[in-house]
Amino acid sequence: MKKIIPIIWILVACYIGFGVLLFAMQRSFIYFPSESVAHGYDEVMFENGGETTKSILLNSGNRNAILYFGGNAETVVHSASEFETAF
């Protein structure tokens, strides 16, 4: 039993150390901005409350729509051709 207790303390210390490391580095994990990509899709600007959002319009004139928000470091333009085939 006495041999197990130091191992438990080492594991607890490693766990806490890893948690502190993640806390200290959290800003670098949050957002990786993507670069602008040239494309031939129609763009629409929406303004609300002083904020502007630039969107890609794929379904001009259609009743159905897919509203898609890209994830972390994702440029929506890369998925636009797949979304066009969904209509």
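Cut-off values and rules
Residues numbered from 1 in each chain as written. Predicted model: local features only at pLDDT ≥ 70, side-chain atom pairs only at ≥ 80, totals over all residues. Heavy atoms only, no water. Helix = DSSP H or I, 4+ residues; strand = E, 2+ residues; numbered from the N terminus. Contact = heavy atoms within 4.5 Å. Areas by Shrake-Rupley, 256 points an atom, 1.4 Å probe, with all protein chains shown as cover. Patch = residues over 30% accessible without salt bridge, like charges linked within 9 Å, V, L, I, M, F, W, Y side chains within 5 Å. Salt bridge = Lys/Arg side-chain N within 4 Å of Asp/Glu carboxyl O. Pairing = 2+ DSSP bridges. Buried < 20%, exposed > 50% of the residue type's maximum accessible area, 1.4 Å probe, protein only. 1 Å grid on protein atoms, 1.4 Å probe; cavity = no way out; pocket = protein on both sides within 12 Å on 5 of 7 lines; lining within 4 Å. Points joined across faces, edges and corners; volume = space filled by probe spheres on them. Nonpolar A, V, L, I, M, F, W, Y, C, P; charged D, E, K, R; others polar. pLDDT = per-residue confidence, 0-100.

The next point concerns the overall build of the protein. A tally of regular secondary structure across the protein gives 3 helices and 2 strands. When the elements of the protein are put in sequence order from the N terminus, they spell out α-α-β-β-α. Summarising the internal contacts of the protein: among those between residues at least 6 apart in sequence, 40% fall at separations of at least 24. Summed over its atoms, the accessible surface of the protein is roughly 7900 Å², and 61% of this surface lies on carbon and sulfur atoms.

On the surface, Met 1, Ile 4, Ile 5, Ile 8, Trp 9, Val 12, Tyr 15, Ile 16 and Val 20 cluster together to form a nonpolar patch covering roughly 1000 Å² of accessible area. With respect to the helices and strands, the residue Ile 16 is situated in helix H1 (residues 4-24).

Moving on, we come to the pairing of strand E2 (residues 51-57). As paired elements, strand E1 (residues 42-48) and E2 share 7 bridges and run antiparallel to each other. Looking at the pairing, Asp 42 lines up with Leu 57 of E2.

All right, on to the environment of Arg 63 then. Mapping Arg 63 onto the fold places it in the loop between E2 and helix H3 (80-85). You can call Arg 63 exposed: its relative accessible area is 85%. Spatially, the C-alpha atoms of Arg 63 and Glu 43 are 18 Å apart, while their sequence positions differ by 20 residues.

In this section: the layout of surface pockets. Its boundaries defined by the atoms lining it, the largest pocket holds a volume of some 990 Å³. Looking at the largest pocket, it is lined by 32 residues, and the ones nearest its centre are Lys 54, Ser 55, Ile 56, Tyr 68 and Val 76. Here the residues of the lining of the largest pocket are counted per class, giving 18 nonpolar, 10 polar and 4 charged.

So, about the confidence of the model for the protein. Segments scoring low in pLDDT should not have their predicted coordinates read at a detailed level. Here the protein shows a mean pLDDT of 85. Residues at 70 or above account for 97%. Taken element by element, the predicted model of the protein shows its lowest mean pLDDT in H3 (82) and its highest in H1 (96).

A word on the pattern of salt bridges. Per the stated rule, a full pass over the model turns up 1 salt bridge. In this structure, Glu 43 engages Lys 54 in a salt bridge whose closest nitrogen and oxygen atoms are separated by 4.0 Å. Here the residue Glu 43 occupies a position in strand E1, and Lys 54 occupies one in strand E2, the gap between them amounting to 11 residues. Overall, the relative accessible area of 40% leaves Glu 43 in the partly exposed class. Classification of Lys 54 as exposed rests on a relative accessible area of 55%.

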